[in-house]
Amino acid sequence: MKRPNRTRSTARRVAGAGLLAAMLALPGLASAQEKDSFRIAWSIYVGWMPWSYGDSAGIVDKWADRYDIEIDVVQINDYIESINLYTAGEFDGVTITNMDALAIPAASGVDTTLPIIGDFSNGNDGVVLKDTDELTDIKGQRVNLVELSVSHYLLARALESVGMSERDVTVVNTSDADIVGTFSTPDVTAAVTWNPQLSELRAMPEANVVFDSSDIPGEIIDTLALNTEVLEANPELGKALTGAWYEIMARMSGDDETGVDARTRMAEAAGTDLTGYEAQLASTQMFYDAADAVEFVTSDQPEATMDNVRQFAYDRGLLGATATSPDFVGIEFTDGSVLGSEDNVKLRFTSEYMEMAAEDAL
């Protein structure tokens, strides 16, 4: 299965920022009005395949009907494009990581809420070195990765864990499509990537995963994001999507025929088989139970994580040219506390809808 391309080169972001600004000025985009039809964008990744199954199995429609609304779940083949379309108002919601939610829509001024915390990477992303199993041996090496992606973030956290920084290595921007072929050449000795490419690198002779996302559990978070104004004007959207999500979770997590069928269909939609998909699930901390998701999102973890993420984003210019500090964008957590500017809160964690699911109140 090909994980979504989370690439954001500087040139692409600069060009994209102007385009998004222009698109946001257009009439007819997502707005804070009551309506009965919504569009959600998703892209292929192990933790987001449930939306494909929920759509094809009629679960999303079932929950939309319960709230007398329509929800169109749309697959977008390019992950970053799906976020850009959401940011421009073409979609009411999008599947997205916590880092990208901050760095793209929130940084672009689109108030965004995360009503569903689906999972976090727990080994799906890793740092790989040749001929050594010691992370400290990365010093002085050229490291191939998708620049300004979650791989770049993982590298920064890995280096920090052993008292180093990016000054101790040279980052070589390499597309996710090329990372396996590049690492197989003799001159390339270090890389950072995600599954399924990570599994291919791991299988190569003399390759060792020396740091992975299980070493920073809960930091690479996969979510469903909704436009805050749309959600506040239409809370039934949040209820329907959350209800559908946890019905899908209940089906896919079972060992019975229904569970196997659900996971098989997700695997096929992702371009892999059941064995391959389940291997990726094994390194993904799925929150199958709404109560577990609530416990995670109401803990201290999201705030600690987002403090790291916002510093990473600011240091690399991902918060925009007008950002003078990591505080530029305010991030609100479930207890109402805000990290950053209280006057510019654009990213919000909430447990409201997941609590409803946990209490069987949807």
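Keep in mind the model is a prediction, meaning the values are calculated, not measured.

J.: Could you clarify how one ought to interpret unusual backbone geometry in this entry?
T.: Residues apart from glycine generally show negative phi values, whereas peptide bonds are mostly found in trans. The phi torsion at Asp 68 lies on the positive side, around 55°, for a residue other than glycine. Within the secondary structure, Asp 68 sits in the loop between helix H3 (59-66) and strand E2 (70-75). Asp 68 gets classed as exposed once you look at its relative accessible area, which sits at 66%. The phi torsion at Leu 148 lies on the positive side, around 65°, for a residue other than glycine. Within the secondary structure, Leu 148 sits in the loop between strand E6 (142-145) and helix H6 (150-161). Classification of Leu 148 as buried rests on a relative accessible area of 4%.

J.: How do you make sense of the confidence of the model for the protein when you look at a structure like this?
T.: Any region with low pLDDT has predicted coordinates that should not be read closely. Per-residue confidence for the protein gives a mean pLDDT of 91; residues scoring 70 or more make up 91%. With pLDDT under 50 throughout, residues 1-19 is counted as low confidence; its partners more than four residues away or in other chains account for 64 contacts. Residue range residues 21-31 is modelled with pLDDT below 50. Its contacts to residues more than four positions away, or to other chains, number 16 contacts.

J.: Quick question: what am I supposed to make of the side chain of His 152 here?
T.: By the secondary structure assignment, His 152 is in helix H6. Reaching out from His 152, the side chain makes a polar contact with the backbone nitrogen of Leu 148 at a distance of 2.9 Å. Apart from the residues within four sequence positions on either side, His 152 is in contact with Leu 145, Val 146, Glu 147, Glu 166, Val 171, Phe 312 and Arg 316.

J.: Help me understand a negative patch on the surface, please; the structure alone is not making it clear to me.
T.: Residues Asp 36, Asp 55, Asp 61, Asp 65, Asp 68, Glu 70 and Asp 72 make up a contiguous surface patch of negative charge. Sorting the residues of the negative patch by element identifies H3 and E2 as the ones contributing at least two each.

J.: Just checking my understanding: could you explain the packing of H3 against helix H10 (residues 235-252) for this structure?
T.: Packed helices, taken two at a time, are described by the angle between their axes plus the distance between the axes. Contact geometry of H3 with H10 gives a least axis separation of 8 Å together with a crossing angle of 145°. Judged by the twist between their axes, the crossing of H3 over H10 is right-handed. Packed against H3, whose contacting residues are Ile 59, Val 60, Lys 62, Trp 63 and Ala 64, the element H10 presents Lys 239, Ala 240, Gly 243, Ala 244, Glu 247, Ile 248 and Arg 251 at the interface. When grouped by side-chain class, the residues that make up the contact of H3 with H10 number seven nonpolar, one polar and four charged.

What counts, and at which threshold
Residue positions are counted from 1 within each chain, in the order its sequence is given. Confidence filtering applies because this is a predicted model: local features only for residues at pLDDT of at least 70, side-chain atom pairs given and counted only at 80 or more, and all residues used for totals across whole chains, interfaces and linings. Note that the side-chain values use all heavy atoms of the structure and ignore hydrogens as well as water. Working definition: helices are DSSP H or I runs of at least four residues, strands are E runs of at least two. Numbering for both runs from the N terminus. Note on exposure labels: buried denotes an accessible area under 20% of the residue type's maximum, exposed denotes more than 50%, and partly exposed covers the range between, all computed with a 1.4 Å probe on protein chains only. Across the chain, each position has a pLDDT score giving the predictor's confidence in that residue, from 0 to 100. Working rule for contacts: check all heavy atoms of both residues, and any pair within 4.5 Å makes them a contact. Under the rule applied, a polar contact is a pair of N or O atoms within 3.5 Å (in protein, one hydrogen donor and one hydrogen acceptor; residues adjacent in sequence only if both atoms are side-chain atoms). Patch membership requires more than 30% relative accessible area and the absence of a salt bridge. Residues of like charge join within 9 Å; the nonpolar side chains Val, Leu, Ile, Met, Phe, Trp and Tyr join within 5 Å. We get accessible surface area from the Shrake-Rupley algorithm with a probe of 1.4 Å; when it comes to residues, only the shown protein chains can shield them. The working definition used for a salt bridge is a side-chain nitrogen of Lys or Arg within 4 Å of a carboxyl oxygen of Asp or Glu. Under the counting rule used here, the positive set is Lys and Arg, the negative set is Asp and Glu, and His together with the chain ends is not counted. For charged residues, the charge sits on one atom: NZ in Lys, CZ in Arg, CG in Asp, CD in Glu. Fitted lines through C-alpha atoms serve as axes, helices being fitted only where they are in contact, and the angles separating the N-to-C directions of these axes extend from 0 to 180 degrees. Crossing chirality is assigned from the near helix's rotation relative to the far helix, an anticlockwise turn below a right angle marking it left-handed and a clockwise turn marking it right-handed. Three classes are used: nonpolar for Ala, Val, Leu, Ile, Met, Phe, Trp, Tyr, Cys and Pro, charged for Asp, Glu, Lys and Arg, and polar for all others, with Gly counted as polar.

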